[in-house]
Amino acid sequence: MRGRVVSAFDRFELVFANLSLALLVGILALQVFFRYVLETGLTWSEEISRFAFVWFVYISASLAAQRGTHIRVTLFIRWFPGGRHYALLLADAIWIVFNVFVVWAGILLIERTLRFPVYSTALFLPIAWIYLVIPLAHALMILRILQRQWNFWRHGIPIIADEAQQALVEVDEKT
């Protein structure tokens, strides 16, 4: 049971990002159909597609952090005193501090929009529910960064995805 929960949690970002993207594409296709075939518009489609896109982007950023494909500058890590592993550790520590700040600011934003309610124009949804993705995605990024660091220091799995792929190619070439 515990293994299934962990496996489901490890796939959360992938599943949620795919669902958000499918919703975005489906709603936009429906809007095109209604606009050009039925010659009428859907009042809610632009808003739903915008919200789906925002959720897709934030959750996909967490997915990139989980997979080690999130954008990072690695040019200077070879010159870092102590070696590249400590440079990546320092960079991830700075990234975690940034994410903690964004989680905190996101929670304050949600509290403010709950205290002084703001609603979406077409659907009259509380905007706080849309903003919920900000602290959620950044908290997930913190967790995923820590997971990648743990997997490196404990099991030797490279932090950057390209290095993991390159390591697999080198092993294949040796055999």
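Use the structure listed above.
Residues numbered from 1 in each chain as written. Predicted model: local features only at pLDDT ≥ 70, side-chain atom pairs only at ≥ 80, totals over all residues. Heavy atoms only, no water.

(A) Main features of the overall build of the chain. Helix and strand counts for the chain come out as 7 helices and 0 strands. Counting from the amino terminus, the chain carries its helices and strands in the arrangement α-α-α-α-α-α-α. Sorting the 175 residues of the chain into buried and exposed places 30% on the buried side. The contacts in the chain between residues at least 6 apart in sequence include a share of 70% that link residues at least 24 apart. Roughly 11,800 Å² of accessible area belongs to the chain as shown, and the carbon and sulfur atoms make up 69% of that amount. (Helix = DSSP H or I, 4+ residues; strand = E, 2+ residues; numbered from the N terminus. Buried < 20%, exposed > 50% of the residue type's maximum accessible area, 1.4 Å probe, protein only. Contact = heavy atoms within 4.5 Å. Areas by Shrake-Rupley, 256 points an atom, 1.4 Å probe, with all protein chains shown as cover.)

(B) The arrangement of a nonpolar patch on the surface in detail. A cluster of nonpolar side chains, contributed by Val32, Phe33, Tyr36, Val37 and Leu38, occupies part of the molecular surface with about 530 Å² of accessible area. Position of Tyr36 among the secondary structure elements: in helix H2 (residues 12-36). Tyr36 sits in the exposed class, given a relative accessible area of 64%. (Patch = residues over 30% accessible without salt bridge, like charges linked within 9 Å, V, L, I, M, F, W, Y side chains within 5 Å. Salt bridge = Lys/Arg side-chain N within 4 Å of Asp/Glu carboxyl O.)

(C) Looking closely at the side chain of Asp92. Topologically, Asp92 is positioned in helix H4 (residues 84-115). Assessed through its relative accessible area of 2%, Asp92 is described here as buried. With near-sequence residues (within four places) excluded, Asp92 lies in contact with Arg72, Ile145, Gln149 and Ile159.

(D) Structural view of the side chain of Ser62. Within the secondary structure, Ser62 is located in helix H3 (residues 45-67). Since its relative accessible area comes to 0%, Ser62 is described here as buried.

(E) Expanded view of the pattern of salt bridges. Evaluation of the coordinates by the stated rule reveals 3 salt bridges. For Arg144, the salt bridge identified is with Asp10, shortest N-O distance 3.3 Å. Linking Arg144 in helix H6 (residues 133-155) with Asp10 in helix H1 (residues 2-10), this pair joins segments that are 134 residues apart in sequence. Among the residues examined, Arg144 registers a relative accessible area of 0% and is labelled buried. Residue classification places Asp10 among the partly exposed residues on the basis of a relative accessible area of 31%.

(F) How the structure looks around the packing of H4 against H6. Relative orientation of the contacting elements H4 and H6 amounts to 160°, with a least axis distance of 8 Å. Between H4 and H6, the angle is such that the two are roughly antiparallel. Between H4 and H6 lies a crossing whose hand is left-handed. (Axes fitted to C-alpha atoms, helices over the stretch in contact; angles between N-to-C directions. Parallel < 35°, antiparallel > 145°, perpendicular 65-115°, else oblique. Left-handed = near helix turned anticlockwise from the far one by under 90°.)

(G) Just the environment of Tyr119, in detail. Inspection of the secondary structure assignment puts Tyr119 in the loop between H4 and helix H5 (127-131). A residue is classified by how much of its surface remains accessible, and Tyr119, at 48% relative accessible area, is partly exposed. Along the primary structure Tyr119 and Ile130 are separated by 11 residues, whereas in three dimensions their C-alpha atoms are 10.0 Å apart. Beyond its immediate stretch of four places on either side in the chain, Tyr119 contacts Phe124, Leu125, Pro126 and Ile127.

(H) Geometry of the packing of aromatic side chains. Under the counting rule described, the total for this entry stands at 6 aromatic pairs. Between Phe101 and Trp104 the ring centres are 6.1 Å apart and the planes differ by 50°, which places this aromatic pair in the tilted class. A residue pair is termed a helical-turn pair when its members lie 3 or 4 positions apart in one helix, as Phe101 and Trp104 do in helix H4 at 3 residues. Here the aromatic cluster, defined as three or more aromatic residues joined through ring pairs, consists of Phe12, Phe16 and Trp55. (Phe/Tyr/Trp six-rings, centres within 6.5 Å; stacked < 30°, edge-to-face > 60°.)

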